[in-house]
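Chain by chain, the residues:
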Amino acid sequence: MIKIEIKEGENIERALKRYKRKHRNVQIMQNLRESRYFTKPSVKRRREIQKAEYIQRLRDAENI
């Protein structure tokens, strides 16, 4: 569980921003969605390769 300690005099918006950042970094929702259905290891590997290729294409386009 994610806990956010609110410091004295801290703005509530600032605390919410810290919570959202921690939540995104922990990837709770993504893990829950992934575990909902079984995915074959070969399909996982294929998706990772496709994602890596996509990111590489974006980086190559930036450099040109």
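First things first, this report covers the structure right here in the doc. (Residues numbered from 1 in each chain as written. Predicted model: local features only at pLDDT ≥ 70, side-chain atom pairs only at ≥ 80, totals over all residues. Heavy atoms only, no water.)

### A short note on the overall build of the protein chain
- Assigned secondary structure in the protein chain consists of three helices and zero strands.
- With respect to the principal axes defined by its C-alpha atoms, the protein chain has extents near 50 × 40 × 10 Å.
- Looking at the 64 residues of the protein chain, the share that counts as buried comes to 6%.
- In the protein chain, which carries 19 positive and 9 negative side-chain charges, the distance between the mean positions of the two groups comes to 6 Å. (Helix = DSSP H or I, 4+ residues; strand = E, 2+ residues; numbered from the N terminus. Buried < 20%, exposed > 50% of the residue type's maximum accessible area, 1.4 Å probe, protein only. Lys, Arg positive; Asp, Glu negative; His and termini not counted. Charge placed at Lys NZ, Arg CZ, Asp CG, Glu CD.)

### So, the side chain of Arg18
- Residue placement: Arg18 occurs in helix 1 (residues 12-26).
- A polar atom in the side chain of Arg18 sits 2.4 Å from the side chain of Glu10.
- Residues within four places of Arg18 in sequence aside, it is in contact with Ile4, Glu5, Lys7 and Glu10. (Polar contact = N/O pair within 3.5 Å; in protein donor to acceptor, adjacent residues only side chain to side chain. Contact = heavy atoms within 4.5 Å.)

### Structural notes on the layout of surface pockets
- By volume, the largest pocket is sized at about 280 Å³.
- When residues of the lining of the largest pocket are traced back to their parent elements, those giving at least two are helix 2 (28-34) and helix 3 (41-63).
- Examining the composition of the lining of the largest pocket, we find that four residues originate from one element, helix 3, more than from any other. (1 Å grid on protein atoms, 1.4 Å probe; cavity = no way out; pocket = protein on both sides within 12 Å on 5 of 7 lines; lining within 4 Å. Points joined across faces, edges and corners; volume = space filled by probe spheres on them.)

### Describing helix 1
- Across its 15 residues, helix 1 extends 21 Å between first and last C-alpha, which sits within 8% of the 21 Å expected from 1.5 Å per residue.
- Remark: Gln27 follows helix 1 within two positions and exhibits a positive phi of approximately 60°. (Expected span 1.5 Å × (residues − 1).)

### Regarding the pattern of salt bridges
- With the rule as written, the count across this model stands at one salt bridge.
- Salt-bridge contacts for Glu10 lead to Arg18; the nearest nitrogen and oxygen are separated by 2.4 Å. Neither Glu10 nor Arg18 differs from the other in exposure class; each is buried. (Salt bridge = Lys/Arg side-chain N within 4 Å of Asp/Glu carboxyl O.)

### Some remarks on the side chain of Glu10
- Tracing the backbone shows Glu10 in the segment before helix 1.
- Within the structure, the side chain of Glu10 is placed 3.0 Å from the backbone nitrogen of Lys7, a separation counted as a polar contact.
- Here Glu10 is in contact with Glu5, Ala15 and Arg18, once residues within four sequence places are set aside.

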